[in-house]
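Letter by letter, the chains look like this.
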Amino acid sequence: MKEISIKEFHNLKIGSAENKIAGTGCTVFIFGEEAPAGLSVRGGGAASRETELLKPLAAAEKINAILL
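One numbering rule holds for all chains: residues counted from 1, following each sequence as written. Restriction of local features to residues with pLDDT of at least 70 applies here, the model being predicted, together with a cutoff of 80 or more for giving and counting side-chain atom pairs; totals for whole chains, interfaces and linings are based on all residues. Side-chain measures here rest on the full set of heavy atoms in the structure, leaving out hydrogens and waters.

1. What about the layout of surface pockets?
In this structure, the largest pocket occupies an estimated 210 Å³ of space. Along the lines of polarity and charge, the residues of the lining of the largest pocket split into 8 nonpolar, 1 polar and no charged. Cavities and pockets are defined on a 1 Å grid built over the protein atoms alone: a cavity is a set of grid points where a 1.4 Å probe fits but cannot escape, while a pocket is an open set with protein on both sides within 12 Å along at least five of seven lines, and lining residues are those with an atom within 4 Å of any such point. Grid points are joined across faces, edges and corners, and a volume is the space filled by probe spheres set on the points. Under the convention adopted here, Pro, Cys and the residues Ala, Val, Leu, Ile, Met, Phe, Trp and Tyr are nonpolar, Asp, Glu, Lys and Arg are charged, and Gly plus all remaining residues are polar.

Right under this line is the structure:
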């Protein structure tokens, strides 16, 4: 498997925020321009809302960011 450096991605910003007291946080990837996306949902309880929009027959063709 070839390792790809994060520096090879142009127009990509990465940030994070955390709440140490609550023990929670998030990471966001923001793209400088719209990007194609796809995903694979494994298991019966994916706990997600917008994943249906990434199906091939749905309205969303490109994304602006990913929030983890």
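2. Looking at the sheet that holds strand β3 (residues 62-67)
Read from one edge to the other, the open sheet built from 3 strands follows the order β1-β2-β3, with strand pairing classed as antiparallel. Either end of the sheet is taken by a strand with one partner, and the two such strands are β1 (12-19) and β3. Averaged over all neighbouring strand pairs, the angle between strand axes comes to 15°, with direction disregarded. Strand pairing is assigned whenever DSSP identifies at least 2 bridges connecting the two strands. A run of DSSP states H or I qualifies as a helix once it reaches four residues; a run of E qualifies as a strand once it reaches two. Both are numbered from the N-terminal end. For strand β2 (residues 24-36) and β3, the ladder comprises 5 bridges, and the chain directions are antiparallel. Bridge assignment links Phe 29 to a residue of β3, and that residue is Ile 66. Lines fitted to C-alpha atoms define the axes, with helix axes restricted to the stretch in contact, and inter-axis angles between N-to-C directions lie between 0 and 180 degrees.

3. Topic: unusual backbone geometry
Of note, Asn 11 is a non-glycine position whose phi angle comes to about 60°, a positive value. Relative to the helices and strands, Asn 11 is located in the segment before β1.

4. Overview of the environment of Leu 53
Examined against the element boundaries, Leu 53 turns out to sit in the loop between β2 and β3. Note on exposure labels: buried denotes an accessible area under 20% of the residue type's maximum, exposed denotes more than 50%, and partly exposed covers the range between, all computed with a 1.4 Å probe on protein chains only. Take Leu 53: its relative accessible area is 41%, and that puts it in the partly exposed class. C-alpha separation for the pair Leu 53 and Val 41, spaced 12 residues apart in sequence, amounts to 13 Å. Discounting residues that sit within four places of it in the chain, Leu 53 has contacts with Ala 58 and Ala 60. Contacts are assigned to residue pairs that have any heavy atoms within 4.5 Å of one another.

5. A short note on the pairing of β1
Bridge analysis of β1 against β2 gives 8 bridges, and the strand direction is antiparallel. Across the sheet, Gly 15 pairs through a bridge with Val 28, a residue of β2. Following β1, the chain reverses through 4 residues before pairing antiparallel with β2; Gly 23 in that reversal takes a positive phi of roughly 70°.

6. Quick word on the environment of Lys 13
Along the chain, Lys 13 turns up in strand β1. For Lys 13, the residues in contact, after removing those within four places along its chain, are Val 28, Phe 29 and Ile 30.

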